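Residue-level listing of the chains:
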Amino acid sequence: MSVTIGALRESAPQETRVSVVPEVAEKLAKDGARVLIERGAGERARFPDALYKSVSWGACADEVLGAADVVLTVQPLSVAQIGQLKSAAVVIGFMQPHARVAEVRALQQHGVTSFAMELVPRISRAQSMDALSSQAAIAGYKAVLIAANELQKFLPMLTTAAGTIRPSQVLVIGAGVAGLQAIATARRLGAVVEAYDVRSATREQIKSLGAKFVDTGVSAEGAGGYARELTAQEKARQQEVLDSHIAAADAVVTTASVPGRPAPKIISRAALERMRPGSVVVDIAAEQGGNCELTRAGETIEHQGVRIVGALNLPAALAYNASEMYARNLYNFLRPALAKGELAIDWNDEVFAQSCLTRGGEIKHEPTLQALEGAR
């Protein structure tokens, strides 16, 4: 009997993405699966129901949850939704295990097999499944557009009859996927761009995009490619140099985050107060507490003339492309487990083994298990 793969209209506030787009629905159907989608699931991402072919429809979320063998999601299911799943159902999506204690316990107690897309291992074979990277690229792009919109200045240099307008200075903090996309976007818009990352190995990536690497004179390189703990003197020197670059910037985009932990505080109140009035900080890490001391998640505030944007869920602001990319990540993850329309998970496959959050009434992800046991 063919596996039934379900997708819902996301219920989280301001979530506009959808986990299955028409292109992926067609692929799943060709693989022999029955695709069951809640009516209107893709509307907010500009994928109306009429675009979906070869699918079955559920009138409401309850109908999909009660019939699906596999549920594909963007945001984690609620405790109530988990309770409506079939026995031994499989859920695949972002799970936020470090922040969703009640939901993880519900998955465990209901015997649900769940896979967290944020736990997919960073190996070559899994690059096409890397949803963190695909969505981070969108966040970095959108963050620069927000900065440009908030600034009361041009980003590029302009030569006009009224004189020459100097280009804006943009500083990007963090050179992961989001940071690199932010650098590339700011450069395309004509800004003069600097970037900083604690990992000196990112220097060449930053320079290849046309930005200047901020060298603090302190290296955090440690054994095995990991960053080492800096001394108090090194931290002070590093912060002093970085603060001077923050003060000179018209716009700062911060992207530094650590999965499962609060975002590191990089921009202090004192550093903000050295920035020129009219400057802008766009903090992508707002949801994890923010890289800026004054960031308020989901709000834009002003402090001594500097605007601080606590950006949340930026991928949802580009829901069409974000949904396309995310749905492809999910399909590439699930496809190896589909055999002639039936679900057959290879537990010897490191991708499935390492991304599994719960299975058979157990929490399989050790850090999450330890965190939950410590919270009792």
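None of the values given here were measured: they were computed from a predicted structure.

Considerations on the pattern of salt bridges
Item 1. This model, assessed by the stated rule, comprises 18 salt bridges.
Item 2. In this structure, Lys-153 and Asp-250 form a salt bridge, with 2.9 Å as the shortest nitrogen-oxygen distance. Linking Lys-153 in the loop between α5 (131–150) and β7 (158–160) with Asp-250 in the loop between α8 (232–248) and β12 (251–254), this pair joins segments that are 97 residues apart in sequence.
Item 3. Taking the relative accessible area as the measure of exposure, Lys-153 reaches 42% and is therefore partly exposed.
Item 4. Asp-250 gets classed as buried once you look at its relative accessible area, which sits at 4%.
Item 5. The salt bridge involving Arg-276 is made with Asp-250; its shortest N-O contact spans 2.9 Å. Here the residue Arg-276 occupies a position in the loop between α9 (269–272) and β13 (280–283), and Asp-250 occupies one in the loop between α8 and β12, the gap between them amounting to 26 residues.
Item 6. Connected through salt bridges with shared partners, the residues Glu-23, Lys-27 and Arg-328 form a single ionic network.

A short note on the pairing of strand β10 (residues 192–196)
Item 1. In terms of residue burial, β10 counts as a mostly covered element, since four of its five residues are buried.
Item 2. Handedness of the strand β9 (residues 169–173)-helix α6 (residues 177–188)-β10 crossover: right-handed.
Item 3. Pairing geometry for β10 and strand β11 (residues 212–213), over two bridges, is parallel. Within β11, the position partnered with Ala-195 by the bridge is Phe-213.
Item 4. Once the chain exits β10 it traverses helix α7 (residues 203–208) before rejoining the sheet at β11, and the crossover so formed is right-handed.

Things to note about the environment of Val-258
Item 1. Note that Val-258 resides in the loop between β12 and α9.
Item 2. A relative accessible area of 32% places Val-258 in the partly exposed class.
Item 3. Along the backbone, Val-258 and Gln-288 are 30 residues apart, and their C-alpha atoms lie at a distance of 8.6 Å.

Structural notes on the packing of helix α1 (residues 22–30) against helix α10 (residues 319–334)
Item 1. Axis separation between α1 and α10 bottoms out at 9 Å; the angle between their running directions is 15°. It follows that α1 is roughly parallel to α10 by the angle criterion. When the axes of α1 and α10 are compared, the crossing they make is left-handed. Residues Glu-23, Val-24, Lys-27 and Leu-28 of α1 touch α10, and the partners they reach there are Ala-327, Arg-328, Tyr-331 and Leu-334.
Item 2. Tallied by class, residues from the contact of α1 with α10 come to five nonpolar, no polar and three charged.

Focus: α8
Item 1. In this model, α8 (17 residues) spans 25 Å end to end at C-alpha, consistent with the 24 Å of a helix rising 1.5 Å per residue.
Item 2. Buried within α8 we find Gln-238, Val-241, Leu-242, Asp-243, His-245, Ile-246 and Ala-247.
Item 3. Close packing links the buried residues of α8 with β9, β10, β12 and α9.

Looking at the pairing of strand β6 (residues 113–116)
Item 1. The side-chain alternation of β6 yields two buried faces, one formed by Thr-113 and Phe-115 and the other by Ser-114 and Ala-116.
Item 2. Pairing geometry for strand β5 (residues 90–93) and β6, over four bridges, is parallel. Along β6, the bridge assignment pairs Val-90 with Thr-113.

About the criteria used
- Residues numbered from 1 in each chain as written.
- Predicted model: local features only at pLDDT ≥ 70, side-chain atom pairs only at ≥ 80, totals over all residues.
- Heavy atoms only, no water.
- Salt bridge = Lys/Arg side-chain N within 4 Å of Asp/Glu carboxyl O.
- Helix = DSSP H or I, 4+ residues; strand = E, 2+ residues; numbered from the N terminus.
- Buried < 20%, exposed > 50% of the residue type's maximum accessible area, 1.4 Å probe, protein only.
- Right-handed = clockwise from strand over helix to strand, strands pointing away.
- Pairing = 2+ DSSP bridges.
- Axes fitted to C-alpha atoms, helices over the stretch in contact; angles between N-to-C directions.
- Parallel < 35°, antiparallel > 145°, perpendicular 65-115°, else oblique.
- Left-handed = near helix turned anticlockwise from the far one by under 90°.
- Contact = heavy atoms within 4.5 Å.
- Nonpolar A, V, L, I, M, F, W, Y, C, P; charged D, E, K, R; others polar.
- Expected span 1.5 Å × (residues − 1).

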